[in-house]
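# What the coordinates show
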Amino acid sequence: MKLPMWIRHCIARIEASNSGYLDQVGWIRTRAERIALDASGEPMPWFTYPALHFLRERVKPDWRVLEFGAGMGTLWWSRHVREAVAIEHDADWADHVTNKCNARLIRVSAGSAEDYLRPALISGTYSVVIVDGIFRNECLAIAPSLLDNGGVIVLDDAQREEYRSAVEALRGQGFKLLPLHGPQPVSKHPGCTAILYRDVNVLGL
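All figures in this text were calculated on a predicted structure; none of them were measured in a lab. (Residues numbered from 1 in each chain as written. Predicted model: local features only at pLDDT ≥ 70, side-chain atom pairs only at ≥ 80, totals over all residues. Heavy atoms only, no water.)

Every disulfide links exactly two cysteines, by a covalent bond between their sulfur atoms. Taken as a whole, this structure holds zero disulfides when the rule is applied. Cysteine 139 takes part in no disulfide bond, and the closest cysteine sulfur to it belongs to cysteine 192, at a distance of 18 Å. Residue class for cysteine 192 comes out buried when judged on its relative accessible area of 3%. (Disulfide = S-S within 2.5 Å. Buried < 20%, exposed > 50% of the residue type's maximum accessible area, 1.4 Å probe, protein only.)

Following this line, the structure appears as structure tokens:
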């Protein structure tokens, strides 16, 4: 006898939670614990899973990486690259992250975009600049000046309409856009982590 559709839906949900993709990438655990961890319990950036998979295969140990917004990703990057630098406006959170990794945390004021961005402008250049904190449009505007030759920009939550004009401005400067949609740690909603890159880039695109 064919099972009713509602029962088949319930079975599908149980299967997904026990042996499906979400279980394999560790989403069940991240949702329960409300923290971005991979399937083995290690810290991971709060990017979409397709974006993390893409980056994990291409990251190089000699990279220098800048994050606007410290977090679990700071712990992950600090384990994979030569130097991870994070700009963070929340002093308590910056201390928390600093105690867990060897990344360099730059504590800044959130009083204005100028205050927030100023330290980054004198911190050198990077293989990857990650925009995942506050003042994201302003961060995107200065990001090209922070890149090494071949450097790329990573924008999290790229599906948000409020970042569209800043992204289009970068595309007008010759950047190409690779949007990586999909599920993400903790959240039950899909998101988009986008990579902005030029013809010569460290990711081999």
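Structurally, serine 78 is set in helix H5 (residues 72-78). Classification of serine 78 by relative accessible area gives buried; the value is 11%. A polar contact of 2.8 Å, which involves the side chain of serine 78, links it to the backbone oxygen of leucine 75. With residues near it in sequence (within four places) discarded, serine 78 still touches Ala84, Cys101, Asn102 and Ala103. (Helix = DSSP H or I, 4+ residues; strand = E, 2+ residues; numbered from the N terminus. Polar contact = N/O pair within 3.5 Å; in protein donor to acceptor, adjacent residues only side chain to side chain. Contact = heavy atoms within 4.5 Å.)

What follows concerns the pattern of salt bridges. Across all of its chains, the model carries 14 salt bridges by this definition. Residue arginine 79 pairs with glutamate 42 through a salt bridge whose shortest N-O separation is 2.4 Å. In this pair, arginine 79 is assigned in the loop between H5 and strand S2 (83-88) and glutamate 42 in the loop between helix H3 (27-33) and helix H4 (49-56), connecting sequence segments 37 residues apart. Judged by relative accessible area, arginine 79 falls into the partly exposed class, the value being 48%. Looking at glutamate 42, the relative accessible area reads 35%, which means it is partly exposed. The partner of glutamate 114 in a salt bridge is arginine 118, with the nearest N and O atoms 3.5 Å apart. (Salt bridge = Lys/Arg side-chain N within 4 Å of Asp/Glu carboxyl O.)

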